[in-house]
Each structure stands twice: as C-alpha cells, then as structure tokens.
Amino acid sequence: MALKRGDHAAGQASLSSLAHIPMRVLHTEWSTGWGGQEIRILAEMKGLRARGVEFFLACRAGAKIGAAAERENFTVFEIPFRGSFHPPSIFRLKRLIHEHRIDIVNTHSGKDSWNGGLAAKLAGARFVRTRHLYFKPTPLQMLWINRRADFVVTTGESLREHMIRDSRVRPDHIVSIPTGQNPEVYDPRRYDRAAERARLGIPADAIAVGMLAMFRRVKGTNLYLQMAEQLAARYPQAVFLIAGDGPQSEEINQFIRDRGLGARILRVGYLPQTAPYLLALDIFVLPSLMEGLPQTLIQALMLERACVATDVGSVHELLNDNFLMIEPGSLQAVTEAVSRLLADRALTERLAGRARASVIERYGEQRMLDDMLEVYRRVMRGGSSRDH
C-alpha cells in the first residue's frame, strides 16, 4: 500500500469505485488545549466534510477542540482517556464505533491512540495513527504501531524517517502530510496592517518582533523573553510581542512586571484569528525546543514576514533561503539572529520577499486535504470486518 506524497495520479482508477461510498471517520484527541495539533484536526474535518466525508470527534470533557467542533456542528463524544489503557474508554469507543458505523479511527495523542486504536481493532474499524511530534518510542510502542496501525501519517518527512528507523514502521504504511494553511486567509493583501498595529499598541515607527504559541516551556517562551529583555536595551525602536495562552501565562506576566518591561514587551492573549497579528509583525520568532512542522511558521511565511526559527522537528524542510534557522535552546543564537534582522533592514526585506512563494504550493490546505482523503480511501480499500 505504498503512498507517496503528491502522487495523486497513481491509483486513481482503483479508487474511483470507492468515490461514491460515504466514509465515516472518528478523530480522537486526549489534549484539552488548543494549538496546532487541534487546529489541524478541525481544519481536516471541515475541509473533508465538504467533500462528503462524515466526521465525529472523541475528546475529554472541557477540551477546547470539543467546543470548537460543536460550534461547527460536528458530533462530539466525551471520553475520559484516563491512562494509556483505560477499559471504560476503550469499550465506550467500541460501542460508539458500532452505533455510528465508523469506518476509520484517526488518533492523535498518546493516551487516545492506545485506547482509540484498541477500540478500532475490537470493533472492526480501520486504525490510522497521526503523529504530530517525535518521541523516541518504547519497545511496547514499537510493537503496537507495527502490528496494529493500518496506516501512519506524520506532519513532516523527518518525523516519517524517525518512525521508520526507530519505530520500525513499514515505509509503505507511512506518509508525511504537512499541515496545510489556507493561502487566502494568510494573504497579506487581505488585511489592514496599519490598523492592526494600532490595535495592538505598536508605535507607527517601531520594528515589531513577535512570537505566537501555546505557552509551554517546550515552545521556548523563556528564551524569547530573555532575548527580548536583552535586545530592548540595545534597540530602542524595537517592540516585542508575545501572543497565546497556556500554563506559563502568569509566569510570563510576572517576568514582564518584575523587570518593568510592560512598554517594551506587549502581552497579547489568545487569538482566534492569527493572520492579522502575524501581519502586524516585522519579525516572527519561533524559539521552540520541540516541534513537528510548525503551523505558525508556515503562516508567517505566507504572510511575507521575516522569520527566525529553531532547527527542530521538520523545520529544516521549510528552509529555502527564506528565513534564519538557528540552534535550539541557545539564548545566544536567538539573540544574535533577531539582532541581525533588527540591524539589517535589507536582509529583513529580502527574506520577507522570498517567504510566501517558498511555501504557497507545497503547504497549502487543499493539498493536505487531497492527501488525507487519499489515505482514507486507501485504508478503506484494505477492507473492514463490516459491510457498508
């Protein structure tokens, strides 16, 4: 069942007989937060629903993705997912798969993957495992993925290679499908940049540096704040923004208050729409210690922003003389890179000018939807214990 990204022509004749069969897909997600992983799941559900696929979601009570899915009129089931092996969750999922005639279960985080994958197999549904981040697997995880997942999807080619090498996933049972972004939503001509800068409190003559993330240490928030503190003293024309929400919110606020940097580091809260904020920046910084293929970086590049990003996950797959890539976890590296852009306007403009064209084709949302639909059809062709 070999599948190469973008090879849409191959196998179309064999798939045509499945085109009229409505598929029912259940996504599972353990996380209660809201970040790139959850945004991708919902984007796929919305995009492929328009193509005739019926979607359901299983998540924990209070999960932000659950509320977002309900607002989009998807059916949402609350599942506790208490631990990697939680029989009540497994058998509740099994019943739901039977009751709603689910064809494919697509799992996303660790705990829901064990429970959702077992439930899929017990119920006779197909099991797709989507990996957004790389963690070195345990022997038991290798056994599970090898013998139980019908297909594995990763968000970057580097992650795919890790899974083949470290988890011993068969190369013909895994494909990289980067998270796509809507180029119309992330079109710099669509928004009033001056108005957004004014709304955010950015002075008209300032150089705006910013980051956008779920506030966790793995996102490099501490490095960003330390970098901003150092460069604020050297570049009076610079203003630093930090947008998002998460466990570190109060810690970030305290850092800014304790150092009297409220006028130089602007705290922006949760943003339901990221494009206007990113467009208001001159320089976007992604200082993460761990990533898959970060959506915010793709978004910033589509919006023609000069970017600095750490060499983690599949970030290097985006590199094409279009942003500065630096060593992860290094305050010196991120400080020097941002300082370089603050001091060299020509370089900033050159990177921004190259940015959109470098990602517009490969990382568009429609390509992601095309490739995910092809995975589902191929998995369906593999058969199921239930008739339609």
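None of the values given here were measured: they were computed from a predicted structure.

Cut-offs applied
- Residues numbered from 1 in each chain as written.
- Predicted model: local features only at pLDDT ≥ 70, side-chain atom pairs only at ≥ 80, totals over all residues.
- Heavy atoms only, no water.
- Helix = DSSP H or I, 4+ residues; strand = E, 2+ residues; numbered from the N terminus.
- Contact = heavy atoms within 4.5 Å.
- 1 Å grid on protein atoms, 1.4 Å probe; cavity = no way out; pocket = protein on both sides within 12 Å on 5 of 7 lines; lining within 4 Å.
- Points joined across faces, edges and corners; volume = space filled by probe spheres on them.
- Pairing = 2+ DSSP bridges.
- Axes fitted to C-alpha atoms, helices over the stretch in contact; angles between N-to-C directions.
- Buried < 20%, exposed > 50% of the residue type's maximum accessible area, 1.4 Å probe, protein only.
- Right-handed = clockwise from strand over helix to strand, strands pointing away.
- Parallel < 35°, antiparallel > 145°, perpendicular 65-115°, else oblique.
- Left-handed = near helix turned anticlockwise from the far one by under 90°.

**A look at the environment of Ala 280**
Note on placement: Ala 280 falls in helix 11 (residues 275-280). For the pair Ala 280 and Arg 199, spaced 81 residues apart in sequence, the C-alpha to C-alpha distance is 9.7 Å. In this structure, Ala 280 is in contact with Arg 193, Glu 196, Arg 197, Leu 200, Ile 202 and Ala 208, ignoring residues within four places of it in sequence.

**Topic: the layout of surface pockets**
Of the pockets and cavities examined, the second largest pocket occupies roughly 160 Å³. The wall of the second largest pocket is formed by 13 residues, among which Tyr 134, Met 290, Glu 291, Val 312 and Gly 313 lie closest to the centre.

**Looking at the sheet that holds strand 8 (residues 207-214)**
With respect to topology, six strands assemble into an open sheet ordered 10-9-8-11-12-13, the strand pairing being parallel. A strand with exactly one partner marks an edge of an open sheet, and here the two such strands are strand 10 (265-268) and strand 13 (324-326). Each adjacent strand pair in this sheet contributes to an overall mean axis angle of 20°, direction not counted. Looking at chain direction, strand 11 (residues 283-286) and strand 12 (residues 306-310) are connected through four bridges and run parallel. Bridging from a neighbouring strand, Leu 286 pairs with Ala 309 of strand 12. Sheet contacts for helix 12 (residues 295-302): strand 8, strand 11 and strand 12; angle to strand 11, the most-contacted strand, approximately 165°.

**As for the pairing of strand 1 (residues 24-29)**
Of all the six residues making up strand 1, five are buried; the element is thus mostly covered by neighbouring parts of the structure. Two strands pair when backbone bridges link them, and strand 1 and strand 2 (residues 54-59) are joined in this way by six bridges, in the parallel orientation. The residue of strand 2 that forms the bridge with Arg 24 is Glu 54. Assessed by its sense of winding, the connection that carries the chain from strand 1 through helix 2 (residues 36-49) to strand 2 is right-handed. Alignment of strand 1 against strand 4 (residues 104-107), held across four bridges, turns out to be parallel. Following the sheet pairing, His 27 is matched in strand 4 by Asn 106.

**A closer look at the packing of helix 9 (residues 221-234) against helix 13 (residues 331-343)**
Between helix 9 and helix 13, the least distance of the axes is 9 Å, while the angle of their chain directions is 45°. When the axes of helix 9 and helix 13 are compared, the pair comes out oblique. Handedness of the helix 9/helix 13 crossing: right-handed. Mapping the contact onto sequence places Leu 223, Gln 226, Met 227, Gln 230, Leu 231 and Arg 234 in helix 9 and Leu 331, Val 334, Thr 335, Val 338, Ser 339 and Leu 342 in helix 13.

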